[in-house]
Amino acid sequence: MTKEVQITFDCADPALLAGFWAEVLGYEVQGPPPPYESWDEALDAWNIPPELRNSRSAVVDPKGGGPRIFFQQVPEGKTVKNRVHLDVRSAPGLEGDERMAALEREADRLVAHGGTRLRRQDPEPPADAGHIVMADPEGNEFCLD
């Protein structure tokens, strides 16, 4: 039996990371459940105090195909390199210089949204097509592949 998958990030600022990853993936920040028209309305109805209103957030694929990504606030910061990371397929079907140019454009776009470029791995045929290693605003590594 197939299972649904949710990817969870521990973080300091769920709203910041949700906005960044929505931009990276072409997702949208998940809206409140019905009958609420905004998160403020829902959180008011649930008596959530202001200091807890950025304790979690999520982004979802507007087409419904990708996994939900959940961001939960934790007290500790990131201390070591990720053991698991996301590869964001940003240049499917492209090869060589055209592929790397597309990855460079995407890296530049994400830097403008708060990401950090860490390093570029040029293609090493036959196995490696090249990629760019990035970090989100809280330092979580991911690859533009």
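All residue numbers here refer to positions counted from 1 along the written sequence of the relevant chain. At least 70 in pLDDT is required for a residue's local features to be given in this predicted model, at least 80 for side-chain atom pairs to be given and counted, and no such filter applies to totals for whole chains, interfaces and linings, which use all residues. Values reported for side chains reflect all heavy atoms of the structure, with hydrogen atoms and water molecules removed beforehand.

**Q** Would you mind showing me how to read the pattern of salt bridges here?
**A** Oppositely charged side chains can form a pair if their charged atoms are brought close together. When a carboxyl oxygen of Asp or Glu is within 4 Å of a side-chain nitrogen of Lys or Arg, the pair counts as a salt bridge. For the structure shown, the criterion picks out 10 salt bridges. For arginine 53, the salt bridge identified is with aspartate 40, shortest N-O distance 3.8 Å. Taken together, the residues span a long stretch of sequence, with arginine 53 in the loop between helix H2 (39-45) and strand E3 (56-60) and aspartate 40 in helix H2 at a distance of 13 residues. On the accessibility criterion, arginine 53 (26% relative accessible area) is partly exposed. For glutamate 141, the salt bridge is made with lysine 78, and the minimal N-O distance between the two is 3.4 Å. In this pair, glutamate 141 is assigned in strand E8 (residues 141-144) and lysine 78 in the loop between strand E4 (68-73) and strand E5 (86-88), connecting sequence segments 63 residues apart. Throughout, exposure labels follow a simple rule: accessible area from a 1.4 Å probe, protein chains only, divided by the maximum for the residue type, with under 20% read as buried, over 50% as exposed, and the rest as partly exposed. What makes glutamate 141 buried here is its relative accessible area of 17%. Through salt bridges with shared partners, a single network forms among Glu104, Arg117, Arg120 and Asp122. Numbering of helices and strands runs from the N terminus, with a helix taken as a DSSP run of H or I at least four residues long and a strand as a DSSP run of E at least two residues long.

**Q** How should I be thinking about the environment of glycine 66 in this particular structure?
**A** If you trace the backbone, glycine 66 turns up in the loop between E3 and E4. Owing to a relative accessible area of 28%, glycine 66 belongs among the partly exposed residues under this scheme. In sequence terms glycine 66 and lysine 81 are 15 residues apart; their C-alpha atoms lie 25 Å from each other. When residues no more than four places from it in sequence are discounted, the contact partners of glycine 66 are Tyr27 and Asp61. We call two residues in contact whenever any of their non-hydrogen atoms come within 4.5 Å of each other.

**Q** What is the right way to read the pairing of E4 from this model?
**A** Regular strands place their side chains on alternate faces of the sheet. Two strands pair under a simple rule: DSSP has to find at least two bridges between them. Across six bridges, the pairing between strand E1 (residues 6-11) and E4 is parallel. What sits directly across from isoleucine 7, in E4, is isoleucine 69. Here E3 pairs with E4 via four bridges, running antiparallel. In the sheet register, arginine 56 faces E4, and the bridge partner there is glutamine 72.

**Q** Can you help me understand helix H1 (residues 14-25) in this one?
**A** Note that an α-helix has 3.6 residues per turn; residues three or four places apart therefore point the same way. For H1, which comprises 12 residues, the first-to-last C-alpha distance of 16 Å matches the rise-based estimate of 16 Å (1.5 Å per residue) to within 8%. Buried within H1 are the following residues: Pro14, Leu17, Ala18, Phe20, Trp21, Ala22 and Val24. Once H1 finishes, glycine 26 follows within two positions and takes phi at roughly 70°, a positive value. Given the number of residues in a helix, its expected span is that number minus one, multiplied by 1.5 Å.

**Q** Explain the side chain of asparagine 82 to me, please; I cannot follow it from the model alone.
**A** Relative to the helices and strands, asparagine 82 is located in the loop between E4 and E5. By relative accessible area, which is 17% here, asparagine 82 ends up buried. Pairing of N or O atoms within 3.5 Å defines a polar contact, subject to two protein rules: one partner must be a possible hydrogen donor and the other a possible acceptor, and residues neighboring in sequence count only if both atoms are side-chain atoms. Polar contacts involving the side chain of asparagine 82 include one to the main-chain carbonyl oxygen of valine 84, which spans 3.5 Å. Aside from chain neighbours lying at most four places away, what touches asparagine 82 is Gly139, Asn140 and Glu141.

**Q** Quick question: what am I supposed to make of the packing of H1 against helix H3 (residues 96-112) here?
**A** Put simply, H1 and H3 touch, their axes get as near as 10 Å, and they point 160° apart. Viewed along their axes, H1 and H3 adopt a mutual orientation that is roughly antiparallel. In terms of crossing hand, the pair formed by H1 and H3 is right-handed. In this structure, H1 uses Phe20, Glu23 and Val24 to contact H3, whose residues at the interface are Glu106, Arg109 and Leu110. Grouping the amino acids of the contact of H1 with H3 by side-chain chemistry returns three nonpolar, no polar and three charged. Fitted lines through C-alpha atoms give the axes, limited to the stretch in contact for helices. The angle between two N-to-C directions lies from 0 to 180 degrees. Roughly parallel covers angles under 35 degrees, roughly antiparallel covers those over 145, roughly perpendicular covers 65 to 115, and oblique covers all other angles. Two helices that cross are described as forming a left-handed crossing if the nearer one is turned anticlockwise from the farther one by less than a right angle, and a right-handed crossing if clockwise. Three residue categories are used. Nonpolar comprises Ala, Val, Leu, Ile, Met, Phe, Trp, Tyr, Cys and Pro, charged comprises Asp, Glu, Lys and Arg, and polar comprises the others, including Gly.

**Q** Help me understand the packing of aromatic side chains in this model?
**A** Centre-to-centre distance and the angle between the planes together describe a pair of aromatic rings. Between rings of Phe, Tyr and Trp, where Trp is taken as its six-membered ring, a pair exists when centres lie within 6.5 Å; planes separated by under 30 degrees are stacked, by over 60 edge-to-face, and by other angles tilted. Within the structure shown, the criterion is met by seven aromatic pairs. Ring centres 5.8 Å apart and planes at 90° place the aromatic pair phenylalanine 20 and tryptophan 21 in the edge-to-face group. Pair check on accessibility: phenylalanine 20 and tryptophan 21 agree, each one buried. A ring pair is formed by tryptophan 21 and phenylalanine 142, whose centres lie 4.8 Å apart and whose planes are at 65°; its orientation type is edge-to-face. Of the two residues, tryptophan 21 is situated in helix H1 and phenylalanine 142 in strand E8; the sequence distance between them amounts to 121 residues.

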